[in-house]
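# Coordinate analysis (summary)
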Amino acid sequence: ETGVTQTPRHLVMGMTNKKSLKCEQHLGHNAMYWYKQSAKKPLELMFVYNFKEQTENNSVPSRFSPECPNSSHLFLHLHTLQPEDSALYLCASSQDWSLAFGELFFGEGSRLTVL
Amino acid sequence: KNEVEQSPQNLTAQEGEFITINCSYSVGISALHWLQQHPGGGIVSLFMLSSGKKKHGRLIATINIQEKHSSLHITASHPRDSAVYICAAVSPDKLIFGTGTRLQVFP
């Protein structure tokens, strides 16, 4: 139990569906992240929010749309995805944006399969 | 070639063995994280270090900034240590991840 909760843990969706992934942390952290993990590849940073403001969008396709309504919640809205988007999506949080001064806390991940 | 390389990619061991996982990086860093990912997918932070050595239980992490190299050691390995171990370099305010080392410890 890391204090970061992701739902759902598993999601299967068709290419025309719209779904959302949710992440919640009650650690009092100010920075939240979405990462994508595909087989045999390093974790890829997708989005960063610091104090609810998006500070990084790592050239992610617009079919992925993040939302951070407050510093405890982070969403990833999904629409018209492609089969190659199937992956494990991990949410993480840290005390602040400067990763040299604090550890990352990850959720359990949401495994997404796009048919 | 990745900026952060780990070796070996896969590692099997018998319970009780001493384990070493290596991480080399080619960029300037301010810190390095070691992470553990369990089969279910969840990732736990093990260490964050910027110099020297840190120890927590049976786990030891070292870093040599001049040689751009870090190691994670597990003493008296146990089947519950079976996981993927990932190093991630902080350079300068982004994390560059290695591809991970998959460790299996057999009884």
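Residues numbered from 1 in each chain as written. Chains lettered and ligands numbered in written order. Predicted model: local features only at pLDDT ≥ 70, side-chain atom pairs only at ≥ 80, totals over all residues. Heavy atoms only, no water.

### Things to note about the overall build of chain B
Rules: Elements are defined by DSSP. Helices are runs of H or I of four residues or more, strands are runs of E of two residues or more, and each kind is numbered from the N terminus. The globule rule is 2.2 Å times the number of residues to the power 0.38, and the radius of gyration it is compared with is taken over C-alpha atoms. For every residue, the accessible area obtained with a 1.4 Å probe (protein chains only) is divided by the maximum for its type, and the residue is called buried under 20%, exposed over 50%, and partly exposed between those limits.
Looking only at helices and strands, chain B features zero helices and 11 strands. Counted from the first residue to the last, chain B has its helices and strands arranged as β-β-β-β-β-β-β-β-β-β-β. The globule rule puts the C-alpha radius of gyration for 107 residues at 13 Å, and the 13 Å found for chain B is close to it. Along the first, second and third principal axes, the C-alpha atoms of chain B reach 40 × 25 × 20 Å. The proportion of buried residues among the 107 residues of chain B is 48%.

### Here's the deal with the interface of chain A and chain B
Selection rule: Working rule for contacts: check all heavy atoms of both residues, and any pair within 4.5 Å makes them a contact. Accessible-area loss on putting two parts together, using a 1.4 Å probe and summing over both, is the definition of buried area adopted here. The salt bridge definition used is simple: a Lys or Arg side-chain nitrogen within 4 Å of an Asp or Glu carboxyl oxygen. Residues adjacent in sequence count toward polar contacts only when both atoms are side-chain atoms; beyond that, a polar contact is any pair of N or O atoms within 3.5 Å, and within protein one must be able to donate a hydrogen and the other to accept it. Ten residue types, Ala, Val, Leu, Ile, Met, Phe, Trp, Tyr, Cys and Pro, are classed as nonpolar, four, Asp, Glu, Lys and Arg, as charged, and the remainder, Gly among them, as polar.
Listed as interface residues are 21 residues of chain A and, on the opposing side, 20 residues of chain B. Carbon and sulfur atoms supply 63% of the area buried between chain A and chain B, which totals about 1,600 Å² over both sides. Summed over the shared surface of chain A and chain B, the result is zero salt bridges. Taken together, chain A and chain B are joined by two residue pairs in polar contact (both at pLDDT 80 or more). Within the residue set of the side of chain A that touches chain B, elements represented by two or more residues are strand 4 (31-37) and strand 9 (87-94) of chain A. In the side of chain A that touches chain B, the residues fall into 11 nonpolar, five polar and five charged.

### Observations concerning the side chain of A:S38
Residue and element names in this part refer to chain A. Mapped onto the elements of the fold, S38 is located in the loop between strand 4 and strand 5 (44-50). With relative accessibility at 14%, the residue S38 sits in the buried group. The contacts of S38, once residues within four sequence positions are left out, are E44 and A87.

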